[in-house]
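The chain contents come next:
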Amino acid sequence: MLLTTSQMDDARHLTEQIADDLGGFTICQEAGYGGFWIRRGVEELYLHYSRSPGRVSIEGCYPEGYSRVTLWVQRHRITCAVSRGSVAIGADITRRLMPAYRADLDKVLQAIADHLHDLDQQRAIVDAIVAAIPNADSWASSTDQRVRTPYREHQQMWADFRITDTGVTVIHMQVCGIEHARRIAEVAGQLVVDDPAP
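Residues numbered from 1 in each chain as written. Predicted model: local features only at pLDDT ≥ 70, side-chain atom pairs only at ≥ 80, totals over all residues. Heavy atoms only, no water.

1. Some details on the pattern of salt bridges
- Per the stated rule, a full pass over the model turns up 10 salt bridges.
- One salt bridge connects Arg39 with Glu44, and the closest N-O pair in it is separated by 2.5 Å.
- According to the relative accessible area criterion, Arg39 is partly exposed, its value standing at 36%.
- Of the charged contacts, one joins Glu59 and Arg77 as a salt bridge, the two residues approaching to 2.7 Å between their closest N and O atoms. Placement of Glu59 in strand E4 (residues 55-61) and of Arg77 in strand E5 (residues 77-81) is noted, with a sequence separation of 18 residues between them.
- You can call Arg77 exposed: its relative accessible area is 52%. (Salt bridge = Lys/Arg side-chain N within 4 Å of Asp/Glu carboxyl O. Buried < 20%, exposed > 50% of the residue type's maximum accessible area, 1.4 Å probe, protein only. Helix = DSSP H or I, 4+ residues; strand = E, 2+ residues; numbered from the N terminus.)

In structure tokens:
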């Protein structure tokens, strides 16, 4: 049930008090249906107020856009009676929510950093392959980087690579020109090259 305008004002005021009591938190976003986000550095909490029976739900938030590497993470949430006031709610957040949330947030941030590092390495491999092979192009899917070289009659070359966290995988590759095969091997490591049937 949506909060009335007066209840939203009260919820905003209580959220500001909670943020102050926690120290260093500020409201960073507000939803018109009783939701507020407060943030301190990398820590972000979502507070949602229910009209009845007058409770607030507090949940620890993680960076958005990285669900592929953070699907495993546990959601940490507590609920408190609004009538208890900001000091008691802040104390509950500090005692009941923050320790487990901070531990998992540290793991999430490390997983994201590792993921971004892997993407940088994949991008470097892709760029090197594209630079080494004439007319190659690349694109990213949700799970990997892809490089494809065109089929050309006079070169008889077709290659489709998948670059993932574990390295370069040849999906399909046919190369007649030994120079192209050598370039690819130098860039991407030892790849199996299958000549097409004569």
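2. Considering helix H1 (residues 5-22)
- The end-to-end C-alpha separation of H1 is 26 Å, in line with the 26 Å expected for 18 residues at 1.5 Å each.
- If you check which residues of H1 are buried, you get Met8, Ala11, Leu14, Thr15, Ile18, Ala19 and Leu22. Considered in projection along H1, the buried side chains sweep an arc of 140° and stay on one side of the axis. Turned more than 90 degrees off the buried face of H1, the exposed positions are Thr5, Asp10 and Asp20.
- Of the surrounding elements, those touching the buried residues of H1 are strand E1 (26-31), strand E2 (35-40), strand E3 (43-50) and helix H3 (86-132).
- Trailing H1 by a residue or two, Gly23 shows a phi angle of about 85°, which is positive. (Expected span 1.5 Å × (residues − 1). Arc of directions from axis to C-beta. Contact = heavy atoms within 4.5 Å.)

3. Digging into the sheet that holds E3
- Overall, antiparallel pairing links the five strands, which are arranged E1-E2-E3-E4-E5 in an open sheet. Of all strands in the sheet, those with a lone pairing partner are E1 and E5, marking the two edges. Here the strands of the sheet are splayed against their neighbours by 25° on average, with no regard to which way each runs.
- Strand direction decides the pairing type here: E1 and E2, joined by five bridges, are antiparallel. Its bridge partner being in E2, Thr26 is matched across the sheet by Arg39.
- Packed on one face of the sheet, H1 meets E1, E2 and E3 and runs near 20° to E2. (Pairing = 2+ DSSP bridges. Axes fitted to C-alpha atoms, helices over the stretch in contact; angles between N-to-C directions.)

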